[in-house]
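Working through the structure, step by step
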Amino acid sequence: YQDIFNNSKDAIYICNLEGRLVDFNQATFELFAFSEEELLEIEVHDLFHTKEKKRELLYALVANESVADFPISIEQKNGKTRQCLISASIIKTAEFMGYSGIIRDITEQQKAGDLRKARDIARQSAKMKEQFIANISHEMRTPMNAILGMSNLVIQTDLDEEQHNYISSIKQSSEILLGVVNDILQISEIQNGKVKFENKNFDLHKLLNNLINVMQYKAKEKDIFLELALPPEIPSILKGDKLRVNQVFFNLVGNAVKFTDSGHVKIIVEQLGAFEGGVHLKFTVEDTGIGIPKDKLESVFESFSRVRSKDRIFEGTGLGLAIAKNLIELQGGKIGATSELGIGSNFFFDLIFEVGEELELSTDIQQEPAFDKDASFNLLLVEDHKMNQLVAKKTLEKQWENIKITIANDGLEAIAILEKEVFDI
């Protein structure tokens, strides 16, 4: 008994019902952080908190003659609080009325438990946020598709100039909103580690020429010269993620066109080095736009960072460059920028690619000829959104007058139709 009493890590003590200590072990004054002499001078119950909890403990002890693992807080001499469990039993003799108690300090276990609980709540919260963003983005993109589709249909009809301007504004605003939704969804995927990269053959020269063609109409609207400096010795077929590379270019070139009112936007490709089976390339997007102040240059790659101009407001989420930075760095590259206010900016990044093999069309896939405008064919459209059914139907009918469209509202309905009818598409 003496060995257990002296060597126990739990505080073991005997005191009267007023809280005056009769005997206690080493762990008791270590727990209370008082000296042996100081403990003998005080009523230990004064260190139990709260007052209500102390009363509850003593009432339970007297009524039941014992308590087990009763939770209570202990205040140390230095003012710190420890979370503890008390187990106690009444002692009655002719000369003494009191109890023996064992106090176990569970502060660290409770902290660990609280941390685990906080971690679980944080994980659940992150999961809910991720699910919410995915759901809301999907729910927003579906009607946005209908708005854009309807705008495209209306703009092809006979309109006067005023009506044409209204529809153009709706279409432009819809495209901006769709871009915002896509950016939010993309940054959420990146933050949650959901982005996966492919390593497949793609044609870099074709990708960049296509980019110029797509961005050309926006550049022409602003009378900006858009050009590509792509030396012929740069390998054409590379291995990488075509979609992600394209996305980075669209962000950088789109920004350059948006912030440039006169002059040019130029894409420059340089070879930094070559090794067996691979190549190290640097890409620069150069513009003669509004430029970025030097004190803002470091922050342009941060999420929700936006360039502000005192006389203009530029639409967007401020996520484009953050997305580009993440996509480049996740592929092992680096991205940066130089700029001069009022002169223009250079955004550049580098990536290492494997040199790929020539892209060949698979011989077992027969290339069907494109349908000409007067072709007659049957098409099955599977779409659960009524407005998007209408958009798709009208868009297709405008392209091909002799098309016959059958609509299925869901997959099961489509399978039932396919069991009875044959379709060209």
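Everything numeric here is computed off the predicted structure, so don't read it as measured data. (Residues numbered from 1 in each chain as written. Predicted model: local features only at pLDDT ≥ 70, side-chain atom pairs only at ≥ 80, totals over all residues. Heavy atoms only, no water.)

**Comments concerning the sheet that holds strand 6 (residues 97-105)**
- With antiparallel pairing, the 6 strands of this open sheet are ordered in space as 2-1-6-5-4-3. Sheet topology places strand 2 (21-24) and strand 3 (48-49) at the edges, where each strand pairs with a single neighbour.
- In this structure, strand 3 lies alongside strand 4 (residues 66-75), joined through 2 bridges in antiparallel fashion. Considered in strand 4, the bridge of H49 is made with S73.
- Packed onto the sheet, helix 4 (residues 51-64) meets strand 3, strand 4, strand 5 (81-92) and strand 6 and runs at close to 160 degrees relative to strand 4.
- Its contacts with the sheet place helix 5 (residues 107-155) against strand 5 and strand 6, and it is angled at close to 135 degrees to strand 5. (Pairing = 2+ DSSP bridges. Helix = DSSP H or I, 4+ residues; strand = E, 2+ residues; numbered from the N terminus. Contact = heavy atoms within 4.5 Å. Axes fitted to C-alpha atoms, helices over the stretch in contact; angles between N-to-C directions.)

**Regarding the confidence of the model for the chain**
- Here the chain averages 86 in pLDDT, while 93% of its residues score no lower than 70.
- Taken element by element, the predicted model of the chain shows its lowest mean pLDDT in helix 1 (residues 2-7) (80) and its highest in helix 11 (residues 411-418) (96).
- Here residues 361-366 is a poorly scored stretch, pLDDT under 50, and it has 1 contact once near neighbours within four places are set aside; other chains count. (pLDDT = per-residue confidence, 0-100.)

**Here we look at a nonpolar patch on the surface**
- Together, F132, I136, M140 and L177 line one region of the surface with nonpolar side chains, adding up to about 340 Å² of accessible area.
- With 3 residues, helix 5 is the single largest residue contributor to the nonpolar patch.
- Mapped onto the secondary structure, I136 falls in helix 5. (Patch = residues over 30% accessible without salt bridge, like charges linked within 9 Å, V, L, I, M, F, W, Y side chains within 5 Å. Areas by Shrake-Rupley, 256 points an atom, 1.4 Å probe, with all protein chains shown as cover. Salt bridge = Lys/Arg side-chain N within 4 Å of Asp/Glu carboxyl O.)

**As for the nonpolar core**
- L208, F249, V253, F349 and F353 are the most contacted members of the largest nonpolar core, which totals 47 residues.
- Of all the elements in the fold, those that place two or more residues in this core are helix 6 (161-191), helix 7 (204-221), helix 8 (242-258), strand 10 (264-275), strand 11 (278-287), helix 9 (320-330), strand 12 (334-340) and strand 13 (344-355).
- Ignoring anything within four residues of it in the chain, the contact list for L208 reads L228, L230, F249, I267 and V269.
- Formed by 25 residues, the second largest nonpolar core is a distinct cluster that contains Y13, F29, L61 and F70. (Core = buried A, V, L, I, M, F, W, Y, C linked by side-chain atoms within 4.5 Å. Buried < 20%, exposed > 50% of the residue type's maximum accessible area, 1.4 Å probe, protein only.)

**Considerations on the side chain of T28**
- Take T28: it is sitting in helix 2 (residues 26-32).
- Beyond its immediate stretch of four places on either side in the chain, T28 contacts A11, I12, Y13 and L39.

**Here we look at the packing of helix 5 against helix 6**
- Here helix 5 crosses helix 6 at 160 degrees, and the two axes come no closer than 9 Å. Here helix 5 is positioned roughly antiparallel relative to helix 6, judged by the angle of their axes. Regarding helix 5 and helix 6, the two cross each other, and that crossing is left-handed.
- Of the residues in the contact of helix 5 with helix 6, the class split is 15 nonpolar, 9 polar and 5 charged. (Parallel < 35°, antiparallel > 145°, perpendicular 65-115°, else oblique. Left-handed = near helix turned anticlockwise from the far one by under 90°. Nonpolar A, V, L, I, M, F, W, Y, C, P; charged D, E, K, R; others polar.)

**Some thoughts on helix 6**
- With 31 residues, helix 6 ought to run about 45 Å at 1.5 Å a step, and its terminal C-alpha atoms sit 45 Å apart, in line with that.
- Taken together, the buried positions of helix 6 are occupied by I167, S174, V181, D183, L185, Q186, I187, S188 and I190.
- Buried residues in helix 6 make contact with helix 5, helix 8 and helix 9.
- Regarding helix 6, its N-cap is D160, as a side-chain oxygen of that residue lies 3.2 Å from the backbone nitrogen of E162 further along.
- Once helix 6 ends, the next one or two residues include G193, with phi positive near 65 degrees. (Expected span 1.5 Å × (residues − 1). Polar contact = N/O pair within 3.5 Å; in protein donor to acceptor, adjacent residues only side chain to side chain.)

**Comments concerning helix 5**
- With 49 residues, helix 5 should reach 72 Å at 1.5 Å per residue; the first-to-last C-alpha distance of 69 Å fits that figure.
- Those residues of helix 5 that fall on the buried side of the exposure criterion are T107, I133, S137, T142, M144, A146, L148, G149, S151 and L153.

**Describing the side chain of S345**
- In this fold, S345 is placed in strand 13.
- The class for S345 is buried, based on a relative accessible area of 4%.
- A polar side-chain atom of S345 sits 2.7 Å from a polar atom in the side chain of S339.
- Apart from residues no more than four positions distant in its own chain, S345 is found in contact with V285, E286, D287, G291, I292, T338 and S339.

**Examining the state of the cysteines**
- In this structure the tally under the stated criterion is 0 disulfides.
- C84 supplies the cysteine sulfur nearest to C15, a cysteine that is in no disulfide, at a spacing of 15 Å.
- Here C84 falls in the buried class, since its relative accessible area comes to 2%. (Disulfide = S-S within 2.5 Å.)

**Regarding unusual backbone geometry**
- Backbone torsion omega between H49 and T50 reads -5 degrees, so that peptide bond is classified as cis.
- Examined against the element boundaries, T50 turns out to sit in the loop between strand 3 and helix 4.
- With phi around 60 degrees, D223 is a residue other than glycine that occupies positive phi space.
- With respect to the secondary-structure elements, D223 resides in the loop between helix 7 and strand 8 (225-229).

**As for the pattern of salt bridges**
- This model, assessed by the stated rule, comprises 11 salt bridges.
- In this structure, the salt-bridge partner of E108 is R82, at a minimum N-O distance of 3.3 Å. Here R82 lies in strand 5 and E108 lies in helix 5, a separation of 26 residues in the sequence.
- The shortest N-O distance in the salt bridge between D120 and R119 comes to 3.3 Å.
- A relative accessible area of 40% places D120 in the partly exposed class.
- What makes R119 partly exposed here is its relative accessible area of 39%.
- Linked by salt bridges that have partners in common, R82, D105 and E108 make up one network.

**Regarding the pairing of strand 6**
- Examined bridge by bridge, strand 1 (residues 11-16) and strand 6 share 6 bridges and lie antiparallel to one another. Across the sheet, residue C15 finds its bridge partner in strand 6, namely Y99.
- Turn length for the strand 5-strand 6 hairpin, with the two strands adjacent in sequence and antiparallel, is 4 residues.

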